[in-house]
Amino acid sequence: LGALEVDGAGNVNASRRGEGVRGFVGPGGFPDFATAADTIVFVCGWMRGGEIRLADGRVTVARHGRPKFVERVREVTFDAARARRRGKTVFYATHVGLLRLGERGLELVSAAPGIDVRRDITGFATAAIALPPGRLRCGVVTRFRDLQPDCAEAVGEVGGLLAQLGHHVEEAYP
């Protein structure tokens, strides 16, 4: 699903772009999809305006625009607290990284290579974004007699994300 704004609690505005009637774009089928899904992935830009560059596999913010991750959304189209009570899994995918809805509200899962977390994420967004805990020691199981190849691949990708966040990741065996 798309998002015009996201706040630190994880609430999403997908229906109001500005003031007055002309600023209301409406939610369309958004509420139905959000209600029916167990896992929701919001895909949206990190900012309005500004400039993001990709070179040599690294993402850089060349010029900051206006944040889309704000202190408070103009209108709540998606109620994050209600989603958590209903046990939904919620992610927010942007140009600069992946966030999730957690106990602390928005939590950074991973930052894109080249992004300075303090400058480009927590220092830029007006939404409160919780950072991952200190360095963890993580064991991943990618070789197990009944483990399906797609599951092993997914576990390997998660291990890679954990390593990108600075955690110690090693192969473990049951």
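Structure: see above.
On a predicted model such as this, the values are computed, not experimentally measured, just so you know.

K.L.:
Help me out: how do you make sense of the nonpolar core in this one?
P.N.:
Soluble globular proteins: nonpolar side chains tend toward being buried together. Judged by nonpolar contacts, the single largest core of 32 residues is most densely connected at V12, W46, F69, F78 and Y92. For this core, the secondary-structure elements that each account for two or more residues are α1 (30-36), β3 (39-43), β6 (58-63), α2 (80-85), β9 (89-93), β10 (97-102) and β11 (105-111). Of the residues forming this core, the biggest block, three residues, is contributed by β11. In this structure, F78 is in contact with G10, N11, V12, F30, A34, I40, F42, A83, V90 and Y92, ignoring residues within four places of it in sequence.

K.L.:
Hey, could you run me through the layout of surface pockets in this one?
P.N.:
It is a probe the size of a water molecule, rolled over the atoms, that shows where empty space is left. Considered as a void within the structure, the largest pocket measures approximately 230 Å³ in volume. What lines the largest pocket is a set of 13 residues, among which R100, L108, V109, L162 and L165 lie closest to the centre. Listing elements by their share of the lining of the largest pocket, those giving two or more residues are β11 and α4 (149-164). Looking at the lining of the largest pocket, its residues break down into nine nonpolar, one polar and three charged. Each pocket or cavity is described by its volume, and for the second largest pocket that value is around 170 Å³. Lining the second largest pocket are F30, P31, A34, T35, T77, F78, D79, R82, A83, R86 and K88. Sorting the residues of the lining of the second largest pocket by element identifies α1 and α2 as the ones contributing at least two each. Looking at which element gives the most residues to the lining of the second largest pocket, the answer is α1, with four residues. Tallied by class, residues from the lining of the second largest pocket come to five nonpolar, two polar and four charged.

Cut-offs used in this document
- Residues numbered from 1 in each chain as written.
- Predicted model: local features only at pLDDT ≥ 70, side-chain atom pairs only at ≥ 80, totals over all residues.
- Heavy atoms only, no water.
- Core = buried A, V, L, I, M, F, W, Y, C linked by side-chain atoms within 4.5 Å.
- Buried < 20%, exposed > 50% of the residue type's maximum accessible area, 1.4 Å probe, protein only.
- Helix = DSSP H or I, 4+ residues; strand = E, 2+ residues; numbered from the N terminus.
- Contact = heavy atoms within 4.5 Å.
- 1 Å grid on protein atoms, 1.4 Å probe; cavity = no way out; pocket = protein on both sides within 12 Å on 5 of 7 lines; lining within 4 Å.
- Points joined across faces, edges and corners; volume = space filled by probe spheres on them.
- Nonpolar A, V, L, I, M, F, W, Y, C, P; charged D, E, K, R; others polar.

In short, geometric facts, not functional conclusions.
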